[in-house]
Amino acid sequence: VQLQASGGGLVQAGGSLGLSCAASGRTFSTYAIDWFRQAPGKEREFVAAINWSTGSTRYADSVKGRFTISRDNAKNTIYLQMNSLNPEDTAVYYCAATTKFRLGTPRPNSVDYWGQGTQVTVSS
C-alpha cells in the first residue's frame, strides 16, 4: 500500500485546515487508515483512525470534537478535517495503514505502511 498525504500548511489559531491521504496499491488488504502526528522533540502520537470497510472512527482525546476523519472509498482517499486549531496541534502529520485489528489506542508500531508527512503549523 502506498500513501500520499497532502494539504498541510500554516494557519492561525482558531482556524481550520484539511488533510488528504490518497491510497494506492493493495488497498483491499487495508483494515484501517490512521493519522498520526509528531511535534519537534516529541514522540509520534495517534490522532484519528477510520475502518476502511465499515467507516467506524476513533479519535485521540486531544482532538475529539475538533477533528473529523472521513473516507471516500471510490477515490481511495482519507480526509482529516481539522477545526479550532491551536498551536499545540503544530506537528508533522502522517497517514498510515494497518492490515490488522488492534485493541486499544493505535500505536506507531501497529502500522504496516506509512505515508510521507505533511507539516501543519498553527500560529498564535
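Structural data are supplied above this passage.
Residues numbered from 1 in each chain as written. Predicted model: local features only at pLDDT ≥ 70, side-chain atom pairs only at ≥ 80, totals over all residues. Heavy atoms only, no water.

*Asks:* Outline the packing of aromatic side chains, supporting the account with residue identities and numerical values.
*Replies:* Following the criterion strictly, the structure yields 4 aromatic pairs and no others. A centroid spacing of 5.9 Å and a plane angle of 75° characterise the contact between F36 and F46, whose relative ring orientation is edge-to-face. Of this pair, F36 sits in strand β4 (residues 32–38) while F46 is found in strand β5 (residues 45–51), placing the two residues 10 residues apart along the sequence. Here F36 falls in the buried class, since its relative accessible area comes to 0%. Residue class for F46 comes out buried when judged on its relative accessible area of 9%. Three or more aromatic residues joined by ring pairs form one cluster here, namely F36, F46, Y94 and W114. Geometry around Y94 places R44 over its ring, the cationic atom sitting 3.7 Å from the centre. Positioned above the aromatic ring of W114, the side-chain terminus of R44 is 4.6 Å from the ring centre. (Phe/Tyr/Trp six-rings, centres within 6.5 Å; stacked < 30°, edge-to-face > 60°. Helix = DSSP H or I, 4+ residues; strand = E, 2+ residues; numbered from the N terminus. Buried < 20%, exposed > 50% of the residue type's maximum accessible area, 1.4 Å probe, protein only. Lys NZ or Arg CZ within 6 Å of the ring centre and 35° of its normal.)

*Asks:* Can you explain the state of the cysteines? Please cite residues and give values.
*Replies:* Applying the stated criterion to the full structure yields 1 disulfide. Linked covalently through their sulfurs, C21 and C95 form a disulfide whose S-S length is 2.2 Å. Negative torsions about the S-S bond denote left-handed disulfides, and the value of about 70° found for C21 with C95 makes this one right-handed. With C21 in strand β3 (residues 17–24) and C95 in strand β9 (residues 91–98), this residue pair connects regions lying 74 residues apart in the sequence. C95 shares its class with C21; the two are buried. (Disulfide = S-S within 2.5 Å.)

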